[in-house]
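Summary of structural features
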Amino acid sequence: MSATLSFTAPTAHGPREVTLAYARLGAGEPLVLLHGIGHHRQAWDPVVDILATERDVIAVDLPGYGESAALPSGLPHDLPTTTAVLGAFCAALGLDRPHVAGNSLGGLLALELGRENLVRSVTALSPAGFWTRAERRYAFGLLTGMRRTARSLPLPLVERLSRTAVGRTALTSTIYARPGRRSPEAVVAETLALARAEGFAQTLRAGRSVLFTDDVPGIPVTVAWGSRDRLLLPRQGVRAKHTLPRARLVRLPGCGHVPMNDDPALVARVVLDGSRPQEASAVRTSFSTVAL
C-alpha cells in the first residue's frame, strides 16, 4: 500500500513539518527499507514480496527523492537532519525501534539510526562512509556523471534504450552487475528518479565530510557487500568490519552496488537473517580478504 505521511521532525533547526512517501506490505516485526542517493523506494521491489512473508515492510522515499518532497527551506540534506527525520517518521507510524535495512546512502543512514539506538537491528548493503578520500572522489564523480546523463537524455531515448539488454546495461551497469535483469519499466522509472531527485546535489555536498567512524553497540549489525560493486569498492567492507568489530560481514557473490536486483533471494535471506538475531548463524558467508 502506497501512502504519504506528514509529521513534525525535531531537527537542529527547530521542529519542522516534513512529508514522506512510503509503501507498506506484509505482517510481522516492522522492517524499514532505505534506498541510496538518486534512487527511490522501488529499488527494493525485487525483494519486498519475499521480505513481506515474515516482516511488516515499510519502504520509504528519502526526503527529496522519489515521491517525497525535499526538506523544508533551511533544512540541510545532511546526515544528522535526515536521521532525525527518519526517526520522527518511524515514531509517527508507531514503529517501536523497527529493524532497518539500507543500501548505499540508505546503509549509512541505517547505521546512524543504529548508533542513535532508534532501531533494533541494522542491515547495511554497501553502505557509504567507509571510503578513503580518493574513493569518495571516484564515487562522487561516477554519481555526478550518472546524474548528468539522466538529466540530458530525452524520455523517448531512455524508453528506447530500456527495451534492450544492451541499452539497460548502458543506463544502469554502474549500479547493477546484471543490468539485463532489470525490467524496462524499472529502468525508465529509476532514470527519471535520478534526473528529478531534488535532494541529490545537497546530499552529495554534505557527503564530502562524511566518514562513519563509530561502533554500533548493543544491536545486531550486518554489513553486506557485492563482489562486483563498481561504485563503493568491496575493500571498503573490510574497513567497515574494523569499525564495527561485532558486525557480521557478508559477501554477495556476483552482485553490484544495488544487489537487490542482482540476487533477490540472497539479499532477502541476508536481510531476514540480520533481523532475526537468534538465528543469525544461518548465514555465515564471510568476506575473504583474498577475494577483495
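Residues numbered from 1 in each chain as written. Predicted model: local features only at pLDDT ≥ 70, side-chain atom pairs only at ≥ 80, totals over all residues. Heavy atoms only, no water.

1. So, the overall build of the protein
Within the protein one finds 11 helices and eight strands. Since a compact globule built from 292 residues should have a radius of gyration of about 19 Å, the 18 Å found for the protein is in line with a globular shape. For the protein, the spread of C-alpha atoms along the principal axes amounts to about 50 × 50 × 40 Å. Counting over 292 residues, the protein shows a buried share of 57%. (Helix = DSSP H or I, 4+ residues; strand = E, 2+ residues; numbered from the N terminus. Rg over C-alpha atoms; globule rule 2.2 N^0.38 Å. Buried < 20%, exposed > 50% of the residue type's maximum accessible area, 1.4 Å probe, protein only.)

2. Quick look at the environment of R115
Along the polypeptide, R115 turns up in helix α3 (residues 105–115). C-alpha separation for the pair R115 and G218, spaced 103 residues apart in sequence, amounts to 9.2 Å. Look past the residues within four positions of R115 in its chain and what remains in contact with it is F212, D214, D215 and V216. (Contact = heavy atoms within 4.5 Å.)

3. Quick look at the packing of aromatic side chains
Two aromatic rings, taken as a pair, are described by how far apart their centres are and by the angle between their planes. Considering all chains together, one arrives at four aromatic pairs under this definition. An angle of 55° between the planes, with centres 5.8 Å apart, marks the rings of F130 and F212 as tilted. In this pair, F130 is assigned in the loop between β6 (121–125) and α4 (133–152) and F212 in the loop between α8 (200–207) and β7 (221–226), connecting sequence segments 82 residues apart. For F130, a relative accessible area of 3% translates into the label buried. Aromatic rings pair up to connect F7, Y22 and F89 into one cluster. In this structure, R136 packs its charged tip against the face of F140, placed 5.7 Å from the ring centre. (Phe/Tyr/Trp six-rings, centres within 6.5 Å; stacked < 30°, edge-to-face > 60°. Lys NZ or Arg CZ within 6 Å of the ring centre and 35° of its normal.)

4. Brief notes about the confidence of the model for the protein
With 95% of its residues at a pLDDT of 70 or more, the protein has an overall mean of 93. Under a pLDDT of 50 for its full length, residues 278–292 has, in the predicted model, 24 contacts with residues more than four places off or in other chains. (pLDDT = per-residue confidence, 0-100.)

5. Focus on helix α11 (residues 264–274)
Most of α11 sits inside the fold, with eight of its 11 residues counted as buried. Along α11, the residues that are buried comprise L266, V267, A268, V270, V271, L272, D273 and G274.

6. Topic: the pattern of salt bridges
Tallying each qualifying case throughout the model produces 13 salt bridges. We note a salt bridge from R276 to E54, for which the minimum N-O separation is 2.5 Å. Remark: E54 occurs in the loop between α1 (45–51) and β4 (55–60) and R276 occurs in the segment after α11; sequence separation between them is 222 residues. Residue class for R276 comes out buried when judged on its relative accessible area of 15%. Across the salt bridge formed by D215 and R246, the nearest N and O atoms sit 2.4 Å from each other. In this pair, D215 sits in the loop between α8 and β7 while R246 sits in the loop between α9 (236–243) and β8 (248–252), placing the two residues 31 residues apart along the sequence. Taking relative accessible area as the criterion, R246 reaches 59% and is therefore assigned exposed. Through salt bridges with shared partners, a single ionic network connects E112, R115, E116 and D214. (Salt bridge = Lys/Arg side-chain N within 4 Å of Asp/Glu carboxyl O.)

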